[in-house]
Amino acid sequence: MPDLLLELLSEEIPARMQARAEADLLRAVIDGLGAEGLAGGATLSQSGPRRLCVMVEGLPARSDDKVEERKGPKVGAPDQAIQGFLRGAGLTDISQADIRFDSKKGDVYVATRTLPGRETQAILAELVPDIVRKFHWPKSMRTGHGTLRWVRPLQRVLCLFDGAVVPFNIEGIASGDQTEGHRVHGRGPYRVRSADDYVAQLSGPGHVMLNRADRLGFIQDRAQAICAASGLELVEDQGLLEEVAGLAEWPQLILGNMDPAFLDLPDEVVRLSMRVHQKYFATRDPSTGQLAPHFIVVANLAAKDGGAQIAAGNARVLSARLEDARFFWENDRRGGLEAMVPKLTRIDFKQGLGTVADKVARTVALAQVLAPVTGADLQQVERAARLCKADLVSEMVYEFPELQGVMGRYYALASGEPAAIAEAIADHYRPQGPSDTVPSAPVAMTVALADKLDTLVGFWAIGETPTGSKDPFALRRAALGVVRIILENGLRLGLRDICDQHARTLGQSGDHDDLLAFFADRLKPHLRDKGQRHDLLDAVFALGEDDLVLIVKRVDALTTFVDSEDGANLLAGFKRAANILKAEEKRGWTAGADVDAALIAQGPAAEQALYDAVCHAESILSLAVVDEAFETAMAALSGLRGAVDAFFDAVIVNDEDPAVRANRLALLDRMRAAMHTVADFDQIAG
Amino acid sequence: MTMPVARDKPASFQDLILRLQAYWAAQGCAILQPYDMEVGAGTLHPATVLRALGPRDWRAAYVQPSRRPADARYGENPNRLGHYYQFQVILKPNPQDLQDLYLNSLYEIGIDPGLHDIRFVEDDWENPTVGAWGLGWEVWCDGMEVSQYTYFQQVGGLDVLPVSGELTYGLERLAMYVFGVENVYDLPFNAPDSAVPLTYGDVFLENERQQSAFNFEYSDVDMLQRWFQDCETQSTALRMAEKPLPAYDFALKASHVFNLIDARGVISPTERQSFIARVRDLARGAAEVWASQQAADVG
């Protein structure tokens, strides 16, 4: 069966977009063929700096005939309806239609039409231009007088089916059977007869390593081999590997040497210069674990001189970069961290929330409030919070924003600050995401928490809260950070009070229900990862609790309870009671009436038993909740289960005597209230 | 297509410029002279930013001195200058083979494609001051950025049709690479065997020193603030009178005056934003009037 080969050749596609575009193109081709009833065998896709390519093996030469049925009016329907049906179905006389029995309508007319299959070649000639025109790129452009949007100018389209060109034209580019290879080593063009021929020509004379995974593997292996041969160790960097695999069609790895004098700069600075500016891999000395004065550059050229000039040129650029970095490093240290603090007045934090200096002042105040909770030294907390953003005005961080905090740590140590303060400056941005580590040293966790809480309370104060997928200030990440810092360090604090109090320093009397719910939403995925249910968190959160550690303890205990047989049964009993009470509430009954014990004593034994069980549970619960002995509280609830079941089996709430009825409702109400001290069972699915 | 062989190295900085001019002249570009006003980048020359608007075809190339007061370093930094040259090429519409034309221009100044690793690395260009952006790359030669290559998509906040291709060569940096020189002031400005051999430093070092002193120590900020207002008033009046070319000149003047004020580091972030917005309004306003005149002229 015939094969399809499609290649779209363009000017250089941004590295970060290639893999996704490759997958999208393959899917579009397969879906487009599928919509025409065409399915092939094996498929293959490729992508690189200048091309996207799709191959589909074993496609039919034409699509199958399709039979299309169109139901019409009943036999004997008015002429108007018949005529309308004939027009719509493209018939000239009703005798051309079949008659079929329909169980609802009786005999109806049916028009049957056979749509002949089409040549796959013709289908592709329409499909491919359509895919190209509708293709989605993260950023696309027009070129010349054209209207086509592509990532960069499209240069050639190769489209072969069954060895023949599929004829079409996209904005003046006629499809053809030619491709181009590497610009220097084998540009071509090459006339291609088949998919195998395409691969053979490009990977041979064309000097193009077509397959992304092959390039990744090749670069990785060569980098390892070069390091091994030179007694070095590669600093692995998957992100960089993927990027450089998108920047070279014919990757050639070259070992470059840098001036070892630059190794007195912080490792982070050297590595970032290599990675961000130059896209080099760094190397280590395996005996010391320290950075080595060598780098690996992935070129797109097998140079005539073996890469000597490329290595020298790259080394010179790196030296110039590191020369700049050293200039910043020395200037920054000369002034010191303390001297940077006043300059924070020059950076806006956020309109409505003042400058970074204002934010720092608020963070200092909040950190001091938090210090007794974390057990951190008050003076160290104050100093770390004051210095934590100072490096934002350093020349190094201006150049490398990624090094915020990291440079602050270096500069703090250089100015003789204690290690706890230096670490807090570096770690107060943590955790940066769900997998980042949480600061665990007292000073660091205090400043990290204060910084994030200040940001959240501030943005809530000015009403800029995340909506939908839009969260430009990463407030969700900040809130998750707060949750993780509190839980992983077991910090006991009432978030609502802290937020309210902090809002007052912003001149706001905030209502923080919404912010607390925002924290709860961050808590959910955290608990889900531990295998716990959303509704149980809702049930606890609905009580207005704002101590996250306590909330988690309760949810833990509640999870064990509702998973037990007693728990499941009690939940059913609770729902029954709650439903009765809700129905009564609609009719004007109000909760909170006292239970008349004497009246109960005259009733059935099951009623008395429930009353006793509720009283007993209440006495245990009131203490257990205060003592945070949630397992004891759950045991007390378990004790209710038998009495509740027996009550509903033996007692009818809706007694003829209104006094008895009211008393039984009051009893159920007492039970509901007792359970509510543990959780809002209404929120639990059951 | 066969790969052209690189020519020998140019003899000097000026020889490199002359070769680029000759090369682009051969591609049908009008070789213009620098615009006679202080600008921060070659793109801001009306031959690029205004000609990119409207339906008329256009090809031009020119050297443009660029002034960036805050980058001045008293002649003490071997890589950084407050005044430097850009070589600017604009082709409208962009020809299909622009990438090849560009690569050939590198071979023309002695960069051998068999020895040097040329790469096109994603870098989308944007200049909010003139409401312009485009997609393209920074072009790397052995890891060093030697050009900015852009397909304009919008100028003055308006979609451009046809699209122009724009190339900007950082001449000093490119020359330092070609000549293997570590310090910009050591570049041979004319050929070393000339009757009066001159280095880049002979021509510009004293200028960098004195201009740096002006930029950072002697500029009169109150006077500059007044100038800024005057330029703004004049530009606005010219725009209202539908004279976009001089209106644009005064927008450029305002922009440079702002850069001088900014170099003194005396304005707050909020003030700074407001200056930038005012310059942008002037430049965009002039560009919009120009675009509508171009469209009317042809239509």
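Residues numbered from 1 in each chain as written. Chains lettered and ligands numbered in written order. Predicted model: local features only at pLDDT ≥ 70, side-chain atom pairs only at ≥ 80, totals over all residues.

Side note on the overall build of chain A
No. 1: Secondary structure summary: chain A contains 25 helices and 16 strands in total.
No. 2: Each principal axis of the C-alpha distribution contributes one length, and for chain A these read about 105 × 100 × 45 Å.
No. 3: Counting the 686 residues in chain A, one finds 41% classified as buried.
No. 4: Taking all contacts inside chain A whose residues are at least 6 apart in sequence as the whole, residues at least 24 apart take part in 66%. (Helix = DSSP H or I, 4+ residues; strand = E, 2+ residues; numbered from the N terminus. Buried ≥ 20, exposed ≤ 12 C-beta atoms within 10 Å, placed from the backbone. Contact = placed C-beta atoms within 7 Å.)

Focus on the interface of chain B and chain A
No. 1: Of the residues lining the interface, 28 residues belong to chain B; the matching set on chain A comes to 31 residues.
No. 2: Of all elements in the fold, only strand S4 (118-122), strand S6 (132-141), strand S7 (144-155) and helix H8 (269-298) of chain B reach the threshold of two or more residues within the side of chain B that touches chain A.
No. 3: Considering every element that reaches the side of chain B that touches chain A, the biggest residue donor is S4 of chain B, with 4 residues.
No. 4: Its residues placed into classes, the side of chain B that touches chain A shows 15 nonpolar, 8 polar and 5 charged. (Nonpolar A, V, L, I, M, F, W, Y, C, P; charged D, E, K, R; others polar.)

Some remarks on the pairing of strand S2 (residues 43-47) of chain A
All names here are of chain A.
No. 1: Strand direction decides the pairing type here: S2 and strand S3 (residues 51-56), joined by 5 bridges, are antiparallel. Looking at the pairing, Ser47 lines up with Leu52 of S3.
No. 2: Hairpin connection of S2 to S3: 3 residues between the antiparallel strands. (Pairing = 2+ DSSP bridges.)

Structural notes on the packing of helix H11 (residues 378-387) of chain A against helix H14 (residues 419-427) of chain A
Residues and elements named next belong to chain A.
No. 1: Running from amino to carboxyl end, H11 crosses H14 at an angle of 40 degrees, the nearest separation of the two axes being 9 Å. Comparing their axes, H14 and H11 come out oblique. For H11 against H14, the interelement crossing comes out right-handed. In contact with Gln380, Arg383, Ala384 and Leu387 of H11, H14 contributes Ala420, Ile421, Ala424 and Ile425. (Axes fitted to C-alpha atoms, helices over the stretch in contact; angles between N-to-C directions. Parallel < 35°, antiparallel > 145°, perpendicular 65-115°, else oblique. Left-handed = near helix turned anticlockwise from the far one by under 90°.)

Some thoughts on helix H3 (residues 120-134) of chain A
An α-helical turn contains 3.6 residues, so any two residues separated by three or four positions project in the same direction.
Residues and elements named next belong to chain A.
No. 1: Relative to the 21 Å expected for 15 residues at 1.5 Å per residue, H3 spans 21 Å between its end C-alpha atoms, a close match to the ideal helical length.
No. 2: Listing the buried residues of H3 in full gives Thr120, Ile123, Leu124, Leu127, Val128, Pro129, Ile131 and Val132.
No. 3: Next to the buried residues of H3 lie strand S1 (4-10), helix H1 (15-35), strand S7 (154-161) and strand S9 (169-170). (Expected span 1.5 Å × (residues − 1).)

Quick look at the pairing of strand S9 (residues 165-170) of chain B
Residue and element names in this part refer to chain B.
No. 1: The element S9 is largely enclosed, with a buried count of 6 among its 6 residues.
No. 2: Alternating residues of S9 divide into Gly165, Leu167 and Tyr169 and Glu166, Thr168 and Gly170, and every residue in both groups is buried.
No. 3: As paired elements, S7 and S9 share 5 bridges and run antiparallel to each other. The partner of Ser147 across the bridge, within S9, is Tyr169.

A few points about unusual backbone geometry
No. 1: Residue Pro431 of chain A is reached from Arg430 of chain A by a cis peptide bond, and omega for that bond is -10 degrees.
No. 2: Looking at where Pro431 of chain A falls in the secondary structure, it is placed in the loop between H14 and helix H15 (442-461).
No. 3: Phi at His207 of chain A is positive, roughly 50 degrees, even though this residue is not glycine.
No. 4: For His207 of chain A, the location among the structural elements is in the loop between helix H4 (195-203) and helix H5 (212-229).
No. 5: In this model, Glu242 of chain B sits at a positive phi of 55 degrees, which is unusual for a non-glycine residue.
No. 6: Here Glu242 of chain B is to be found in the loop between helix H6 (221-240) and helix H7 (244-263).

Re helix H24 (residues 630-650) of chain A
All names here are of chain A.
No. 1: Between its first and last C-alpha atoms H24 spans 31 Å; for 21 residues at 1.5 Å apiece the expected length is 30 Å, and the two agree.
No. 2: Along its length, H24 shows its largest kink, about 25 degrees, at Arg641.
No. 3: Here H24 has its buried residues at Phe630, Ala633, Met634, Ala636, Leu637, Leu640, Arg641, Ala643, Val644 and Phe647.
No. 4: Looking at the buried positions of H24, the neighbouring elements they touch are helix H20 (548-563), helix H21 (565-586), helix H23 (605-626) and helix H25 (658-676). (Bend = angle between axes of the 7 residues up to and from the residue.)

Considerations on the nonpolar core
Nonpolar side chains tend to gather and get buried jointly when the protein is soluble and globular.
No. 1: The biggest cluster of nonpolar side chains holds 264 residues, and the ones touching the most others in it are Ala384, Val447 and Leu637 of chain A together with Ala251 and Ala287 of chain B.
No. 2: Of the residues forming this core, the biggest block, 12 residues, is contributed by H15 of chain A. (Core = buried A, V, L, I, M, F, W, Y, C linked by C-beta atoms within 7 Å.)

So, the confidence of the model for chain B
No. 1: With 97% of its residues at a pLDDT of 70 or more, chain B has an overall mean of 93.
No. 2: Across the predicted assembly, pTM comes out at 0.79 and ipTM at 0.92. (pLDDT = per-residue confidence, 0-100.)

Here we look at the sheet that holds S1 of chain A
Residue and element names in this part refer to chain A.
No. 1: The sheet built from 5 strands is open, its strands ordered S2-S3-S1-S7-S8 with antiparallel pairing. A strand with exactly one partner marks an edge of an open sheet, and here the two such strands are S2 and strand S8 (164-165).
No. 2: Summarising the sheet, S1 and S7 pair through 7 bridges and their orientation is antiparallel. Counted as the bridge partner of Leu9 is Arg156 from S7.

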